[in-house]
Amino acid sequence: MNGLRAGGCVFAEQEAALLEEATGGATADLERLVARRVAGEPLEYLLGWAEFQGLRIVVEPGVFVPRRRTEFLVERARDVLPPGGVAVDLCCGSGAVAAALRHARPDAVVHAADLDPAAVRCARRNLPARVYEGDLFAALPAALRGTVDVVIANVPYVPSAAIATMPPEARDHEPAAALDGGADGLAVLRRVARAAPDWLAPGGHLLSETSETQSGPAVEELRMAGFDAHAEACDELSATAVIGRRTPDCG
Ligand SMILES: C[S@@+](CC[C@H](N)C(=O)[O-])C[C@H]1O[C@@H](n2cnc3c(N)ncnc32)[C@H](O)[C@@H]1O
């Protein structure tokens, strides 16, 4: 623990306990992991998992580490998904959102997709089936078109110029394609909003995480795509989401 504390880890005690558990107490292994942690590697890559909605989600190096604030998307998806409904976790990364939603709503049919083969491989370790590789909706089976009740898309939303100001843990270790949302941070969300109406069932929902400052423009993007849209915040998780409901004007 002293090494972690000296290295500036804020939660040195908790992290030391988790690393000890991961190594089964083997001193040499523990020292190696502590050195990597002090050098700035995300704790979750060293453990091989991240806690998300009470679940241990497998996380591999090079795959976005699920953030606790994203639990808000799962909670809202759980609320709007009809019984036996169909959900898609687009830009799924490790598949944390899809796995948590399956856990919360075992009646639902949950699909997940990502462009990055490393993310897809990792998601397949967290989800028993229905994980696809490809660009946004193009990854999905065509039969899903017009049938999806909820699309959850935690897209990359950091404006390109702001990546350099992110904590080194994210900037140096997570893939740029998982963070970079283009010049205004809304490039991927814009594409999702425009394509989603084709895949959603009438009255279906699109949910996406955003930052507090981007929430106004993000809502506007959904409205321009025909959604009845608004933003919701969760103070407890420091989370902001944009939520759109498909209307007959969509598409
Ligand atoms: C912010 S991470 C979110 C990961 C996961 N949903 C989570 O909350 O932990 C964004 C993810 O979007 C994926 N991505 C970026 N562009 C994409 C695209 N055009 N099509 C599909 N996935 C994409 C990245 O590979 C990355 O896994």
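Note that this is a predicted model, so its numbers are computed, not measured. (Residues numbered from 1 in each chain as written. Predicted model: local features only at pLDDT ≥ 70, side-chain atom pairs only at ≥ 80, totals over all residues. Heavy atoms only, no water.)

**Digging into the sheet that holds strand 4 (residues 109-114)**
In step 1: On the basis of which strands lie adjacent, the open sheet formed by seven strands has the order 5-4-3-6-7-9-8 and mixed pairing. The sheet is open, and its two edges are formed by strand 5 (131-133) and strand 8 (228-234), each paired on a single side. Geometrically, the sheet is characterised by an average inter-axis angle of 20° between neighbouring strands, direction not taken into account.
In step 2: Looking at chain direction, strand 7 (residues 200-210) and strand 9 (residues 239-245) are connected through six bridges and run antiparallel. Within the sheet, the bridge partner assigned to Leu207 lies in strand 9 and is Ile243.
In step 3: Each of strand 6 (148-153), strand 7, strand 8 and strand 9 touches helix 5 (residues 71-80); the most contacted strand, strand 7, lies at about 165° to it.
In step 4: Against the sheet, helix 6 (residues 96-104) touches strand 3 (86-90), strand 4 and strand 6, its axis set at about 175° to strand 4. (Pairing = 2+ DSSP bridges. Helix = DSSP H or I, 4+ residues; strand = E, 2+ residues; numbered from the N terminus. Axes fitted to C-alpha atoms, helices over the stretch in contact; angles between N-to-C directions. Contact = heavy atoms within 4.5 Å.)

**Concerning the site of the ligand**
In step 1: In the vicinity of the ligand lie 17 residues, with Cys91, Asp114, Asp135, Leu136 and Asn154 positioned nearest.
In step 2: The contact in question runs from a nitrogen atom of the ligand to an N or O atom on the backbone of Cys91, over 2.8 Å.
In step 3: In the environment of the ligand, a nitrogen atom lies 2.7 Å from a nitrogen or oxygen atom belonging to the side chain of Asp135.
In step 4: Protein contact buries 95% of the 600 Å² of open area that the ligand shows by itself.
In step 5: Grouping the amino acids of the shell around the ligand by side-chain chemistry returns nine nonpolar, four polar and four charged. (Near = heavy atom within 4 Å. Polar contact = N/O pair within 3.5 Å; in protein donor to acceptor, adjacent residues only side chain to side chain. Areas by Shrake-Rupley, 256 points an atom, 1.4 Å probe, with all protein chains shown as cover. Nonpolar A, V, L, I, M, F, W, Y, C, P; charged D, E, K, R; others polar.)

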